[in-house]
Structures are given as structure tokens and as C-alpha cells.
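# Close look at the chain arrangement
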Amino acid sequence: MDADREVSRWLHAFGKALANRDIAGATLLFDTECYWRDLVSLTWTLKTFEGRDEVKAMLSATLAAAKPANFVQLGPAAEANGAIEAWFAFETGAGRGTGHLRLRKGKCWTMLTTLQELKGFEESAGRTRERGVEQGVHPDRLSWADWRRREEAELGIERQPYVVIVGGGQGGLALAARLKRLNVPALVIEKNGRAGDSWRMRYRSLVLHDPVWYDHLPYLPYPDHWPVFTPKDKMGDWLEMYARVMELDLWVSTMCLKAAYDEPAGEWKVQVKRGGELLELRPRHLVLATGMSGFAHLPEIPGAENFGGRIVHSSQFGGGEEWRGKHCVVLGANNSAHDIAADLWEHGAAEVTMVQRSSSVVVTSDALMEHAWGPLYSEAALESGITTEIADLTVASVPFRLLPSLQKPIYEAIRRRDAALYAGLEKAGFLFDFGEDGSGIHSTYLRRGAGYYIDVGASQLVIDGSIRLKSPAEINRIASNSVLLSDGSVLPADLIVYATGYGSMNRWAAQLISPQVAELVGKCWGLGSNTRHDPGPWVGELRNMWKPTQQPGLWFMGGNLMQARHYSLYLALQLKARYEAIPTPVYYVDPVHHR
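### So, the packing of aromatic side chains
- Scanning the entire structure with this criterion turns up 26 aromatic pairs.
- Ring geometry for Trp-10 against Phe-30: centres 5.8 Å apart, planes inclined by 80 degrees, an arrangement best described as edge-to-face. Within this pair, whereas Trp-10 is found in helix α1 (residues 3-19), its partner Phe-30 is found in strand β1 (residues 30-39), the two being separated by 20 residues in sequence. In terms of burial, Trp-10 and Phe-30 fall into one category: buried.
- A centroid spacing of 5.0 Å and a plane angle of 25 degrees characterise the contact between Tyr-222 and Trp-226, whose relative ring orientation is stacked. In this structure, Tyr-222 and Trp-226 share a single accessibility class: buried.

Written out as C-alpha cells, the structure reads:
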């Protein structure tokens, strides 16, 4: 039986079993080792089901309400990694979706189902006529508050956003753009003076380590002349332009002071300060799009209060110009640590020392383009017909449980490719690995959101001694003009940079809402892989991200640019369904996890 016929046979049998409510029969179409990843379409959450028992339990709970049907193959099937792969379309009672299927010996090995649109509430694509233009006042010249006051005076009602999004970075703006196209009233609150300032305010040498094809925002891809790796100020300008062109409701220079959930009313009381004025917003839903790089982690080191130089977190580091001829110590050995150490060296610091506490994953940017990003996110991929949407769904089709085993061969090839680099790092005493299980950067990122360096040149500076290295070591004590390390050595210091990462996003919930709500929600990010900084139990999806949490009406929107683009769709559809009073029976909410 050829691949297309096998896929057609499976989809027909699966659709027939679901139509007949034959859950046992549908379950038997899956292999004993199987994975079904559902993004909102049946479960109204993001959840991966592993094994027949979990598939059966999910279908038993969701089939009657979801009504999945009309499974139709899209395009030709292909054979890869011992499996037959194919795309398909399907419908549910509420919407339309796209799916991906992998078959082994006629049984389903992996399946992805994603909700792409809601029936009757498809994204608006036509031109709109602004009410303000009709009245001779362009809406762009009105603040959201002025617009609200004018409508109150004219209509005698108070208009409130249905969704308030705290944070105007890529996550908040991508979600706001999706909601705008779905006609859901949403307001973005940004504490900085301009959209994109969260990028502009970082150290001057910062350049994205992901390629441009990986980083598009929804609806507006970067132009063809855009650099492969975007400088941080250019990224900030793009986000500002994006907010303007997409006509997003955005309040800049606005602080979100406090939020509390009014359970009887089913809405939030959100206190904000804007232009010296205190305002209260009453949205139904609150989205914390404050980013994974939000709460700086600052170690408490004895003697810091007596230091005569300057101590900054990497998020506060401006640039190396003012440290020419000075002694600089960088605590940490991941992306920011390497970038900052290289910047200090390039600007003529007398001495730059990186203090490495634990092993880091190191992979060159070129190697990632060749072996990891390139097949899906590159100019060659586009020329072969792999659009950004196809690439995103292809990535999503791989269950997180299987990702490490699929990534290990890639990193084995990378280690062979860059053997000279790794030999040099080893000789220099730099501790590196390829993840605890050899599965590299992508797994490490999902597990802990840190712990790696995408090498764009600083590794060679470590190898040749331009960036000095102390590894493994800790800063035990800080004196007035030096630091004492755990190996007994003393380093003169005018500047100490803590490149020590960030805390969990739920710390924003603790600060803006309450410690009790943060406790209720638990940790954000991580899969429960039982690896360093990602202890079990296994949950199989990123905790609390882009889906319902234990706190009604509270959502988290974070991740890199690719994730902001892709997962903003699923969060927007969940919010739109609630806005239109479409039933959204949530099958599963992440258990609370605090470690």
C-alpha cells in the first residue's frame, strides 16, 4: 500500500470511528507507543496525550462536545524516519483545524491537531472604516483614555477592554494583533516610553541569535533586505512600527500597579498609572506578557554593599565604552555573559574575566543554521515551499517527549563539525556539554529557558585568553575593589556583571496580584523532564504557557519570537471563544508546581 493510500485509509477509519462514537475503535488505530498533541481544538488547552490510555480518556471526555469530523488529507504523504507523514484538515463543532499525522505500520505514532479558526468568527481581512475618521478626528491622535471618555459622553456607557495585556514586547504585541483581527477589545499596558524599549534598553552589542526566518511576527514578515540576525535597536524599532501599523491599542509610559480578581463579577480590577492619573480597568481576562526575561535573578554575595565600583545585572548593562582600561568580572557563562564579556573586551577593558559556575551548552550559530534551523527556517526552506506556517506546525508536530531522541543525532553531527572549537574550549578549561542527555539547546531551552550560548565569536576569545576564565568557580565575597573566588584567587574589579538569568514568570503574578495567586498558579515554563532546573513530574507541555491556569481569567504569554508568533494564535482563539460565549470546556489544567 502506498503512502497516500495508507494515510487516506487511516483518516477514513479514524473519522468513521469518531462519528460512531466508537472510542475503543478509534483508540486501536493508535500504536501502543503513541502521542497526540492537541492545541485547543478538542481540549481547549495545550496538552499532549501519551499512550492509548490517555488518548482514550481524552476522547471519552471531549468527543461529544468537540464533534471532530471531516478529516481530509492535504497534499501528498511523505516517508521520513521510518514513518509516513501527512498533513490533514478537519473540523470541530466550534472551528476548523489543521493536523499532522505520522504512521508506523498502519498505526498512528504521532498526531497533532490545532485549531486555526472559529466558525462564524474568522479573522477580519477587509478594510475597516474608523468611527473617528467619520467624525473628522483621526483615532491615531486620540489616547485610549480620551477615546473611552468621548464614547462615555456620547453613548452614556463605560467601554472596557475585554483583555488587558501587561507587557508590550513581542509576546504582548503578537497577541494584541491576533485579537485585533478577531475583533476582541484588548489593551496593551507597557511601562516604558515606546513599544520595543524592552529591547532598546539592553546592552548595545545585543543581536538576536536566532535567524530572521525564525523571528517573523504575525501578519507582517520582515522585508527581504532585513539582516539575518537582528540588532536589538532594529528589533525595538520594528516592534514600535508593528504596533502602529497593526493599529494596536497600546498605552506606553503606563505602570500596572495592582490587579485583583473579582470572582462574583468574573472580572479583574486592574489599577494603572498613566500620565500621573490613576485609572481602574475592568477586563474579563488578564494576560501577563512580561516575558521570561522579566525578574532579574540577583545572587546575594557577602560584601556587595561595600563594593566601590558598580554591580549590575546583565539586563542593566549598557555597553563597554565606559569601562575602557577597567577591570571587569562577569558572573555567568551563557548568552548574555558571553555577549557582555566580548563587548567589554572589544571596548578595551584592561581585563575581562568570566566566572563560570556550571557547564553550558555551546553551539555555533553557523552549525545551528546548517543542522537545526536551516531545514525549516531559511531562504532555502522558503524556496522549497516551506512557509513560516508550515515550519511552525512541523515543529509543533514533534511531541516534547520525543524531541531529545530526535535532537541527539543533530548535536552529534555538530560536535564532529566543530571539533576544533570544542577541543579549544576544553583546553581553556571551559565546561561545556550538549545537554544532560545530549539533546542540545532546544531541549535545554524548553526545560529551563537558559543554560546555553549560541556562539557568534566569544568562544574564540575564551580559547585564546582574551576573555579570561575561572571555571568552575563562584564569587564567595566582594571587597571594595576586588572579588574573592571559591578557588581562593582574588580578582581586581571595577565592574561586576551578574549574568545570572531570571526568575519564573509567576513572580509577576506575585508582585502584581498577590503571593497567594502566584502560589495557586505555580511555576511557569519547564516540562518536568527531571533534569537540572526542571524537576518532575513530567507534564509534557510548557507549564502555564498560553493556556488556562489554576487562576480563572489569568494567562501567561512568553517565549521567543517564534513562540510569540505561533502560540499567540491559540491564546487568541481561546479568548475569542470566551468573548463570543462559545462553550470552552477545558479538559486539563496544569497541576501546581513550585520547584
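### Looking at the pattern of salt bridges
- Considering all chains together, one arrives at 29 salt bridges under this definition.
- The salt bridge involving Arg-96 is made with Glu-117; its shortest N-O contact spans 3.0 Å. Of this pair, Arg-96 sits in strand β5 (residues 95-104) while Glu-117 sits in strand β6 (residues 107-118), and the two are 21 residues apart along the sequence.
- Exposure remark for Arg-96: the relative accessible area of 31% places this residue in the partly exposed category.
- The partner of Glu-240 in a salt bridge is Arg-200, with the nearest N and O atoms 3.0 Å apart. With Glu-240 in helix α8 (residues 232-245) and Arg-200 in helix α7 (residues 197-200), the pair connects residues that are 40 residues apart, well separated along the chain.
- The network of salt bridges with common partners includes Arg-194, Asp-197, Arg-200, Asp-237 and Glu-240.

### A closer look at the packing of helix α12 (residues 388-396) against helix α19 (residues 561-579)
- Two elements in contact, α12 and α19, have axes whose closest approach is 11 Å; the angle formed by their N-to-C orientations is 80 degrees. When the axis of α12 is compared with that of α19, the two are roughly perpendicular. When α12 is examined against α19, the residues Thr-388, Asp-392, Leu-393, Val-395 and Ala-396 are found in contact with a partner set consisting of Met-562, Arg-565, His-566 and Tyr-570.
- Classifying every residue of the contact of α12 with α19 gives five nonpolar, two polar and two charged.

### Details of α8
- The terminal C-alpha atoms of α8 lie 20 Å apart, and with 14 residues this matches the ideal 20 Å at 1.5 Å per residue to within 8%.
- Every buried residue belonging to α8 is among Lys-232, Met-235, Gly-236, Trp-238, Leu-239, Tyr-242 and Ala-243, and all of these are buried. With its buried residues spanning 160 degrees around the axis, α8 presents them on a single face.
- Its buried side turned inward, α8 meets α6 (170-181), α7, β9 (250-251) and α19.
- One or two positions beyond α8, positive phi appears at Glu-247, with a value near 55 degrees.

### Some details on unusual backbone geometry
- In this chain, Ser-471 is followed by Pro-472 through a cis amide linkage whose omega measures -15 degrees.
- Mapped onto the elements, Pro-472 comes out in the loop between β20 (468-470) and β21 (475-478).
- The omega torsion of the bond from Gly-536 to Pro-537 falls at 10 degrees, within 30 degrees of zero and hence cis.
- With respect to the helices, strands and loops of the structure, Pro-537 is situated in the loop between α18 (515-521) and β25 (554-556).
- In this model, Ser-253 sits at a positive phi of 50 degrees, which is unusual for a non-glycine residue.
- Despite not being glycine, His-533 shows a phi value in the positive range, around 70 degrees.
- Along the chain, His-533 turns up in the loop between α18 and β25.

Conventions used here
- Residues numbered from 1 in each chain as written.
- Predicted model: local features only at pLDDT ≥ 70, side-chain atom pairs only at ≥ 80, totals over all residues.
- Heavy atoms only, no water.
- Phe/Tyr/Trp six-rings, centres within 6.5 Å; stacked < 30°, edge-to-face > 60°.
- Helix = DSSP H or I, 4+ residues; strand = E, 2+ residues; numbered from the N terminus.
- Buried < 20%, exposed > 50% of the residue type's maximum accessible area, 1.4 Å probe, protein only.
- Salt bridge = Lys/Arg side-chain N within 4 Å of Asp/Glu carboxyl O.
- Axes fitted to C-alpha atoms, helices over the stretch in contact; angles between N-to-C directions.
- Parallel < 35°, antiparallel > 145°, perpendicular 65-115°, else oblique.
- Contact = heavy atoms within 4.5 Å.
- Nonpolar A, V, L, I, M, F, W, Y, C, P; charged D, E, K, R; others polar.
- Expected span 1.5 Å × (residues − 1).
- Arc of directions from axis to C-beta.

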